[in-house]
Amino acid sequence: MRVSEKWEGIPIHIFAHRFGNFMQFIEQRTIYHKLSVRVFLSSEIESNYKDLQILSSLGIECGVYFSDKAIQWDKLGDLMYYAAYGKVQHAGIEPFDFLIKKFEYNSPIDFSNVYFENPQQYLHISDDGKIALSAIDLHIGKFISEDLNEIDNIEQNELYKKHLNNWQNYFMNLGDCSCCPAWRICLGKFHKLEDKKTTCQPLFNDLMEAAELFYEKKSNLKQKELCQP
Amino acid sequence: MPTIIFKPTEKCNSNCAYCDVVVRKAPKTMSLELLETTFIKINEYLLEKNDEKITLIWHGGEPLLLGVDYYKTALKFINQHCAETKHLIEHAMQSNLTLMKQEFIEVFRDMGIHHLGTSFEPIANIRGSGKEINSELYNKKFFEGINILKENNFGWGFIYVVTKKALAKPLDIFYFLSNLKLSGGFMMNPVLIYGEDENNVAITPQEYVDFIGEIFPVWLKNRKHFKDVDPFKTIMKNIEEEGESLGCVDSGTCAYNHLYIGPSGETSQCGRAEDWGIVNYGNINDRSLREIFTDPRREEFLTRTKYLLENDCAGCRFWKICHGGCPLDAYSPKEEGLMRKTAWCDVRKLFMEKYFEPITGIKFNI
C-alpha cells in the first residue's frame, strides 16, 4: 500500500491481512514516521507476529487484530512480552499498549477501544444517519436507532443500555471467563475458545502483571520529588 | 450508637437452600399501625438521647416485598413523628434486589438510602424462587436490580454465603465475586443452619477456614486488585488500627447497642437472637426503646465478655480480634446460657494460625 505525505495530521488506522512487500515499506518508512498511522495485522497469519515486532522496532505504531479463524497464542505471547518488557525503544503494539497504559486496579478496561468497537467511546453512523454499535453491525445494517438526533441521549436507548450490560450474562453462573483473574482486562473477548487455560488466560494474566508493574512505576514516578537547583 | 435490625416482613420471594425462616415461621408483615408506633418510639428515644444516632437496617424476609407505598407511608410517619430527630436516623437496607424497581429509588433517596446491601450466589439452585430454587430467573432479576441501582448512582455491596457446594472451588468463587464487583465490597460468611440441613449445604468451621485459607494468599498478594474483601480486610485493619474496626460479632460490645424489631413488634438482641428465639425484650407496643436498650438481661453479654477473658479465652492471642465470637452463636439449644466461646471463635484462631500468620509472617499479640 502506498502512503502519502499529504495524509499528515489525519489519524489513520490500516487493517491489513498480512504485512506485504517489506522493501516497499522500507522505501516509505520516512513518510510513515510523519503520519499519525497505526498498522494492524491479522492474528491469523503466523509471520504477522514477527512483522509487528519489526514494525514496532522501526517506530511504527501497530497492533494485532483478532481473527475468528485463528490466533497463534504462543507467538502472541512473545509479542506481548516484547511490547511490555522489550528494553530496546519501540513503538506501541496494540492492544497490549492500550491495556498497559490504561490499567487501573479496580475498574474494567475494554480494549475494543483500540478497534473503535467500544460503544461507550465510539458509535458507528451510516451515511443516512443511522446508529450502530459496531463496524460489523453497521455493515450488516443492524442499527440501534434510525435517528441521528438520538445520539445526544444514547444512554437512554434501550438497545444501547442492554449492550452495555451484556457483560452480566457471564455472571449468571460460574464460567471460565467470570472466574478468570484477568477478566478485568479482557471482559470475555475470547469466550468462544474451548481451552482457555492454555490460550487466553495465561496470556492475559501475564499481561495484567505487566500492566500492574507499569502502573506501579508510573505511581512511583508521580511521588518522586526533585529539589530545585 | 444503636443499631436496629428492623424486620417489618418475614415474607420472602426467594427460597434459599440455607434459609428456613419462611418454612419455620408463618411469615408476618408489620401493620402500618405498628410501623407508626415504632417511629413514635424511636423519636421518643432520640429526643431523650439526642447525642446518639440510630442505624435502622431494613431487613427481611425481603424488604422490597413491602412495596413502595409501605415505604412512602414509613416516610410519612418519619416526617410526622420524627420531625426533630429524623436527622439522627440513618436508614440502611439488606435486600436480594430481585424486586427492585425505579419507583423505590425516589423514596429511598428521601430516606437517605444511597447504598444497598445484598447477596449473590453463582452456584445454581442455592438461591432462587420456588421449590426448584430457580437461580437462573433469580440472577436475571438480581442484575436488573443492580442496573437500576447503577443508573441511579446507588452503591451496593454484597455478602457471599459459603455452603458445602462452594467448598471445592474457593478460587473460582473468589475471582467470580471480585470480577462481579471490581470496585470492591464483599464479605464471605459461613452458612448458618438453625434447623435441619435439608439441602445438605452446612459446612464445618474447619471447612470454612480452609475455604477462605485458600483464597487468603491470593488476596494478600493482590490486595490492590481486591478491595474491601472480608474477613481479610477487617483482620488487616485491626492489626493496623488495634481492634477499632471490628464488626458486631467480634467486638464483644454489642450488649447495649443492638436491637431486633420484628413484624409483630417483638424485640430481641439482634437478628440471630430472633432466629434462635432467645433473648427477647418484649414488645415495642408495651415498652419504650429506652427500657429495651437498658434491659438488665443485656448485662449478660458484658458478663460473658468478662467471663470468657478469665476462662475459656484466657491467654488467647487473638482475643482482641474475636472476644469469644458472637454471643448468639454461642447459644445451643442443648446447653444453658451464653457463657462459652463459639465454634466460630476456633475458626478465627485456626485461620490465624494455619493461614494468616504463616503466610503474612505477622505474629499476632506475642
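Everything numeric here is computed off the predicted structure, so don't read it as measured data.

J.: Would you mind going over the overall build of chain B in detail, with residue names and values included?
T.: Per the secondary structure count, chain B includes 14 helices and 10 strands. By its C-alpha atoms, chain B is 55 × 50 × 40 Å across when sized along the principal axes. Counting over 366 residues, chain B shows a buried share of 53%. In chain B, the share of contacts with a sequence separation of at least 24, taken over all contacts with a separation of at least 6, comes to 70%. Total accessible area on chain B stands at roughly 15900 Å², and carbon and sulfur atoms take up 50% of it. In chain B, the 44 positive side-chain charges and the 50 negative ones have mean positions that sit 3 Å from each other.

J.: Describe in detail the domain arrangement of chain A, supporting the description with residues and values.
T.: Residues and elements named next belong to chain A. As assigned here, chain A comprises domain 1 (1-102) and domain 2 (111-183). Taking the mean C-alpha position of each, domain 1 and domain 2 sit 26 Å from one another. Listed per partner, the contact involves 10 residues of domain 1 and 5 residues of domain 2. Taken over both partners, the interface formed by domain 1 and domain 2 buries close to 640 Å², and the fraction arising from carbon and sulfur atoms is 83%. Per-residue buried area on domain 1 facing domain 2 is highest for His13, Pro95 and Phe98; these three make up 52% of the total on that side. Taken together, domain 1 and domain 2 are joined by 0 salt bridges.

J.: Pulling in residues and values, what's your account of the environment of Asp68 of chain A?
T.: All names here are of chain A. The topology assignment puts Asp68 in the loop between strand E3 (62-65) and helix H4 (73-85). Residue Asp68 is classed as exposed on the basis of its relative accessible area of 80%. Here the alpha-carbon distance between Asp68 and Glu44, two residues 24 residues apart in the chain, equals 8.3 Å.

Analysis parameters
Residues numbered from 1 in each chain as written. Chains lettered and ligands numbered in written order. Predicted model: local features only at pLDDT ≥ 70, side-chain atom pairs only at ≥ 80, totals over all residues. Heavy atoms only, no water. Helix = DSSP H or I, 4+ residues; strand = E, 2+ residues; numbered from the N terminus. Buried < 20%, exposed > 50% of the residue type's maximum accessible area, 1.4 Å probe, protein only. Contact = heavy atoms within 4.5 Å. Areas by Shrake-Rupley, 256 points an atom, 1.4 Å probe, with all protein chains shown as cover. Lys, Arg positive; Asp, Glu negative; His and termini not counted. Charge placed at Lys NZ, Arg CZ, Asp CG, Glu CD. Domains from an automatic or database assignment. Buried area = accessible area lost by both parts, 1.4 Å probe. Salt bridge = Lys/Arg side-chain N within 4 Å of Asp/Glu carboxyl O.

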